[in-house]
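# Chains, contacts and geometry: an overview
This is what each chain is made of:
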Amino acid sequence: MERSDIMTTNESCVTAPVTKKVDVVIIGGGPAGMAAAVSAYKSGVTDILILERDERLGGILNQCIHQGFGLHKFKEELTGPEYAGRYIKEVLELGIPFKTGAMVTDVTADRIVTYKSEDEGEVSIVAGAVILAMGARERSRGQLNIPGTRPQGVYTAGTAQRYVNVKGYMPGRRIVILGSGDIGLIMARRMTLEGAKVMAVCELMPYSGGLARNIAQCLNDFDIPLLLSHTVTDIHGKKRITGVTISAVDGNRNPIPGTEQYIECDTLLLSCGLLPENELSKKAGVALSPVTGGAIVNDRRETSVPGIFSCGNVLHIHDLVDYVSDEGELCGIFASEFVKDNRGTNRPSEAVSSEAVKSDEASSEAVTSEAVKSEAVTYEEASSGAIAVVPEGIVRYSVPMTITQTARDVKIFFRVSRSASDVTVTAASGNEVLCSVRKKRVAPGEMENITIKADRLKTAAGEIRLFITEKEVS
Amino acid sequence: MADMTCIICPVGCSLTALKDENGVIKVTGNACPRGAKYAEAELTNPVRTLTDIVKLTNRDVMLSVKSNAPIPKSLLLEAAAILSTVNAAAPVKTGDVIVKDILGTGADIVATKDVD
Ligand SMILES: Cc1cc2nc3c(=O)[nH]c(=O)nc-3n(C[C@H](O)[C@H](O)[C@H](O)COP(=O)(O)OP(=O)(O)OC[C@H]3O[C@@H](n4cnc5c(N)ncnc54)[C@H](O)[C@@H]3O)c2cc1C
Ligand code: SF4
C-alpha cells in the first residue's frame, strides 16, 4: 500500500489513491447511520464501515440530554444520550467497524468515498453500497433577514445546546429566543435550569411549530412568555448584543409600526428549523427534492444514483428519532441486498450509469420548478417500472417518492402544509383505493404515515395519489 | 376546573380536570389512561423528571444526568442549582448514581451516558 502517497495528498480535489474496498460504507454515525449499520450486519453483510466526523458516535442525540426519545422503539422514555447508547452498544457488541474523527469530503456516483482523518490523512474507499446518513444543519441567521449590526451573542439554538450540554459553557444570562420549534423550546428550559433568565420566545407565525407538550413543560412550567405573531426587528449593541427590538406582525408577517418593544438581553438564540445536509449527495449527483431538501428515493431508500441510499434527517427532517431508526434499518436491509445481488461488486468505472450523470445535471438546479419535472423524469428512468407516489392538496410531500416492488407492505411517510381535523388519508391508484385511514388531526409539525399492504399494492395501476379529505362542515 | 396539556407522550392531548363536590377528580380529553393519571397528579402534586449535566473533573465533556424518578416540579430549579456545583469523574456508566436522594425526594441523579 502506498501510504506515502496518501499522506502527501492534502487539500487538493484530486481523489486519493483507492486503498480499500468495503461492502457498505455509511456516512454519519448518528441514529440513522448506526441503525443502518446494525441492520446491514444482521442482513448478512458484515464488511461495513461507519465514518463519523465527530469524536464519538451518536450524532445530534449527544447534545439532546432531555427526555422524549424511544417511546415507540423501546416503549420507554429515554434521554438522547441513552437512546444513542443503546445503538452504540449494539455496534460495539457486533464488532461493526467505525471510524470517528473521519470527515467525508467526497462521494462519487461510482461509489468512491473519500475521507480525511488526523491519523490516516486522506483515504479513498470503493464501496459496494453507500448509505448517506449525514443528518441536518440549522438554518442560520443569514436566512432570517434580521437587519442591524452583527454583534456577538447571536447563536443558533442547536449551537448553544452543544455549548451548554457538551462543553458546559453558558452563552449568556439574559436570553431572547426567536422561533418556537422544539429546539428553541427545549433550550428555553435548559437555559433557565442553568440559572439564566429567558425573557421571551418570539414566534413569527400565529402558532408554535413545537410540540404542545414542550410548550407546557419548557415554557409554562417556568412562566416564560411565548409571543406569537412577533419577530425580532432590530438587534442592538456594538461588540456584544445589548438588546433586541421585537414587533408584532400582521397577517402577512410584516411588522406592525408602533408595536415595537425593547428587550434588554445579552444573547439571542435563533431556532428556525433544520435543513438536510446534502453537500456530499450533490457531489455524487444524487437528485434532490426541492420540497424536502433531501434525496428523491424509492421504497428501498435508494437515491437516483444506483447503490447510494439515504436515511434520517439527511433524507427529510424527522421529529421522532424512532422513525429515523426505522428508516436506517430499511436502508441497511436494502443496501445489503444491493451488495448481495452482486450489483455492488461492479468495478467502479462500470458502475457509472448514464442515469446518474443525468441526475447530476438535474440536481444542480434543483430550485426551479422545471428542475422538479426533469428530476422526476430522470428518476423514473433510473428505476424503470417504478410506481410514482404523487402527493396532492395539503399533502406536501411523501417519502418514498416511488415504489419498486409489490411483494412487501410499504409505509409511506408524509407531511401536510396546514393543520386539519377529522381527516381521512387515502392512497389511491386510478379508481382503486389502496388504503384509507382516519386521523383525528394532522399538522405541519408532525410527520404522519400510512401503510399500503402488499396485496393492495399489487392492484395499483400506475401512479399512486396520496390525498386528504376533510370532514364536511355541515 | 383546570385545563392543561398532557406531557406524557408527544400526542399532547388537551385535558380538562374537574373536581366534583366529593373531591373526586374527573378528567376528560385524554386519549389514554396515562393522561388521567397525569392530570390528577398536576392537581395534587405535579412532578417532572429533571435532565441536566454535571462537570467531569478529568474530561473536557460534560456528563449528562437525569433524576431516576420524577421530582416535585417546585424543586426543579433548586435541584439544578445543586447539580451545577457537583463534580463527577470518568469512567462513568449509564445508570451510575451521581447524587443520592436529591433534596430528600427519594430520587437519585444518575448518569445517562457512558464516558470511558
Ligand atoms: C434539538 C433537537 C431536539 C430533538 N428532540 C427530539 C425528541 O425529543 N424526541 C425525538 O424522538 N427526536 C428528537 N429530535 C429528532 C432526532 O434527534 C433526530 O431526528 C435524529 O437525531 C436524526 O438522526 P440522524 O442520524 O439522521 O442525524 P444526526 O443525529 O444529525 O447524525 C448525523 C451524523 O453525521 C455526521 N456527519 C455529517 N456530515 C458528515 C461528514 N461529511 N463526514 C462524516 N460524518 C458526518 C454528523 O457528525 C452526525 O454525527 C430532536 C432533534 C434536535 C436537533
Ligand atoms: S393522554 Fe395519553 S395519548 Fe394523550 S398525550 Fe397523554 S399519554 Fe399521550
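Reading the values: rules and limits
- Residues numbered from 1 in each chain as written.
- Chains lettered and ligands numbered in written order.
- Predicted model: local features only at pLDDT ≥ 70, side-chain atom pairs only at ≥ 80, totals over all residues.
- Heavy atoms only, no water.
- Helix = DSSP H or I, 4+ residues; strand = E, 2+ residues; numbered from the N terminus.
- Buried < 20%, exposed > 50% of the residue type's maximum accessible area, 1.4 Å probe, protein only.
- Contact = heavy atoms within 4.5 Å.
- Areas by Shrake-Rupley, 256 points an atom, 1.4 Å probe, with all protein chains shown as cover.
- Axes fitted to C-alpha atoms, helices over the stretch in contact; angles between N-to-C directions.
- Parallel < 35°, antiparallel > 145°, perpendicular 65-115°, else oblique.
- Left-handed = near helix turned anticlockwise from the far one by under 90°.
- Nonpolar A, V, L, I, M, F, W, Y, C, P; charged D, E, K, R; others polar.
- Near = heavy atom within 4 Å.
- pLDDT = per-residue confidence, 0-100.
- Core = buried A, V, L, I, M, F, W, Y, C linked by side-chain atoms within 4.5 Å.
- Domains from an automatic or database assignment.
- Salt bridge = Lys/Arg side-chain N within 4 Å of Asp/Glu carboxyl O.
- 1 Å grid on protein atoms, 1.4 Å probe; cavity = no way out; pocket = protein on both sides within 12 Å on 5 of 7 lines; lining within 4 Å.
- Points joined across faces, edges and corners; volume = space filled by probe spheres on them.
- Buried area = accessible area lost by both parts, 1.4 Å probe.
- Polar contact = N/O pair within 3.5 Å; in protein donor to acceptor, adjacent residues only side chain to side chain.
- Pairing = 2+ DSSP bridges.
- Phe/Tyr/Trp six-rings, centres within 6.5 Å; stacked < 30°, edge-to-face > 60°.
- Lys NZ or Arg CZ within 6 Å of the ring centre and 35° of its normal.

## A short note on the overall build of chain A
A count of helical and extended segments in chain A gives twelve helices and 27 strands. Of all 474 residues assigned to chain A, the portion counted as buried reaches 55%. Sequence separation of 24 or more characterises 63% of the internal contacts of chain A that already satisfy a separation of 6 or more. Carbon and sulfur atoms make up 50% of the accessible area of chain A, which amounts to about 20,100 Å² in all.

## Here's the deal with the packing of helix H5 (residues 182-193) of chain A against helix H6 (residues 212-219) of chain A
Residue and element names in this part refer to chain A. At a minimum axis separation of 8 Å, H5 and H6 run at an interaxial angle of 20°. The angle between H5 and H6 falls in the class roughly parallel. In this structure, H5 crosses over H6, and the sense of that crossing is left-handed. In contact with Asp182, Leu185, Ile186, Ala188 and Arg189 of H5, H6 contributes Asn214, Ile215, Gln217, Cys218 and Leu219. In the contact of H5 with H6, the residues fall into six nonpolar, two polar and two charged.

## Examining the site of ligand 2
Taken together, the residues surrounding ligand 2 are Cys6, Ile8, Cys9, Gly12, Cys13, Asn30, Ala31, Cys32, Arg34 and Gly35 of chain B. Broken down by class, the residue content of the shell around ligand 2 amounts to six nonpolar, three polar and one charged.

## Details of the confidence of the model for chain A
Residue and element names in this part refer to chain A. For chain A, the average pLDDT comes to 86, and 85% of its residues sit at 70 or higher. Under a pLDDT of 50 for its full length, residues 1-13 has, in the predicted model, 16 contacts with residues more than four places off or in other chains. Contacts for the low-pLDDT stretch residues 346-383, under 50 throughout, to residues beyond four places or in other chains number 56 contacts.

## As for the nonpolar core
In terms of nonpolar packing, the biggest core is built from 45 residues, with Met191 and Leu269 of chain A together with Leu50, Leu63 and Leu83 of chain B touching the most fellow members. Among the elements that take part in this core, H5 of chain A stands out by supplying six residues, more than any other. For Leu63 of chain B, the contacting residues outside a window of four places in its chain are Asp52, Ile53, Val54, Leu56, Ala88, Val92, Ile98, Ala111, Lys113 and Val115 of chain B. Residues Val123, Ala287, Ile308 and Met401 of chain A belong to the second largest nonpolar core, which totals 36 residues.

## Regarding the domain arrangement of chain B
Split into domains, chain B comes out as domain 1 (2-44) and domain 2 (51-111). Inter-centroid distance (C-alpha atoms) of domain 1 of chain B to domain 2 of chain B is 29 Å.

## As for the pattern of salt bridges
When the charged atoms of two side chains lie near each other, side chains of opposite charge can form a pair. Using the criterion set out here, one finds 29 salt bridges over all chains in the structure. Arg48 of chain B is paired through a salt bridge with Asp221 of chain A; the nearest N and O atoms lie 2.5 Å apart. Here Asp221 of chain A lies in the loop between H6 and strand E13 (226-228) and Arg48 of chain B lies in strand E4 (residues 47-48), a pairing that spans two chains. Each member of the pair, Arg48 of chain B as well as Asp221 of chain A, is classed as buried. Residue Asp409 of chain A is joined to Lys453 of chain A by a salt bridge in which the shortest nitrogen-to-oxygen separation is 3.5 Å. Residue Asp409 of chain A is found in the loop between strand E22 (402-403) and strand E23 (410-416), and its partner Lys453 of chain A is found in the loop between strand E26 (448-452) and helix H12 (454-457); the two are separated by 44 residues along the sequence. On the basis of relative accessibility, which here comes to 47%, the residue Lys453 of chain A falls in the partly exposed class.

## Some words on the layout of surface pockets
The calculated volume of the second largest pocket comes to roughly 840 Å³. Lining the second largest pocket are 30 residues, with Arg56, Leu57 and Ile88 of chain A together with Asp114 and Val115 of chain B sitting closest to its centre. Secondary structure elements with two or more residues in the lining of the second largest pocket: helix H3 (80-94) and helix H4 (157-167) of chain A. Considering each element in turn, the lining of the second largest pocket owes the most residues, seven residues, to H3 of chain A. Residues that form the lining of the second largest pocket fall into these classes: nine nonpolar, seven polar and 14 charged.

## Some thoughts on the domain arrangement of chain A
All names here are of chain A. According to the domain assignment, chain A consists of domain 1 (3-137 + 275-343), domain 2 (140-272) and domain 3 (386-470). Each of domain 1 and domain 2 was reduced to a C-alpha centroid, and the two centroids are 32 Å apart. Residue-level contacts link nine residues of domain 1 with ten residues of domain 2. In terms of surface lost to domain 2, no three residues of domain 1 exceed Gln63, Ile65 and His66, which account for 63% of the buried area on that side. At the boundary of domain 1 with domain 2, the tally comes to two salt bridges. One can count four residue pairs in polar contact (both at pLDDT 80 or more) joining domain 1 with domain 2. For the side of domain 1 that touches domain 2, the per-class residue count stands at three nonpolar, four polar and two charged.

## Some words on the site of ligand 1
Residue and element names in this part refer to chain A. The environment of ligand 1 is formed by 32 residues, the closest being Glu52, Ile60, Gly68, Asn313 and Val321. Here an oxygen atom of ligand 1 and a backbone polar atom of Ile60 are 2.9 Å apart. In this structure, an oxygen atom belonging to ligand 1 sits 2.7 Å away from a main-chain N or O atom of Val321. Considered on its own, ligand 1 offers 1,000 Å² of accessible surface; in the complex 93% of this is hidden by protein. Split into classes, the residues belonging to the shell around ligand 1 amount to 17 nonpolar, eleven polar and four charged.

## Concerning the pairing of strand E3 (residues 25-28) of chain B
Residue and element names in this part refer to chain B. Going residue by residue along E3, you find Ile25 and Val27 tucked away on one face and Lys26 and Thr28 left uncovered on the opposite face. Examined bridge by bridge, strand E2 (residues 14-19) and E3 share four bridges and lie antiparallel to one another. By the bridge assignment for E3, Leu18 is matched with Lys26.

## Topic: the confidence of the model for chain B
Of the residues in chain B, 100% have a pLDDT of 70 or more, and the chain-wide mean is 93. The complex prediction reports pTM at 0.88, with the ipTM value standing at 0.94.

## So, unusual backbone geometry
For the bond running from Val399 of chain A to Pro400 of chain A, omega is 5°, close enough to zero to count as cis. One can find Pro400 of chain A in the loop between strand E21 (395-399) and E22. Put simply, Ala90 of chain B and Pro91 of chain B share a cis peptide bond, and its omega is 0°. Summarising the element assignment, Pro91 of chain B is placed in the loop between strand E8 (87-88) and strand E9 (97-99). In this structure, Lys75 of chain A is a non-glycine residue whose phi angle is positive, near 55°.

## Description of the packing of aromatic side chains
Residues and elements named next belong to chain A. This model, assessed by the stated rule, comprises seven aromatic pairs over all chains. An angle of 65° between the planes, with centres 6.2 Å apart, marks the rings of Phe74 and Tyr87 as edge-to-face. With Phe74 in the loop between strand E3 (67-69) and strand E4 (78-79) and Tyr87 in helix H3, this residue pair connects regions lying 13 residues apart in the sequence. On the basis of relative accessible area, Tyr87 is assigned to the buried category, the value being 5%. Aromatic side chains Tyr163 and Tyr169 sit 5.3 Å apart centroid to centroid with 85° between the ring planes, which places their arrangement in the edge-to-face category. Tyr163 gets classed as partly exposed once you look at its relative accessible area, which sits at 30%. Judged by its relative accessible area of 41%, Tyr169 falls in the partly exposed class. Here a set of aromatic residues connected by ring pairs shows up, and it is made of Phe74, Tyr83 and Tyr87. A cation over a ring is seen here: Arg86 above Phe74, with NZ or CZ 4.9 Å from the ring centre.

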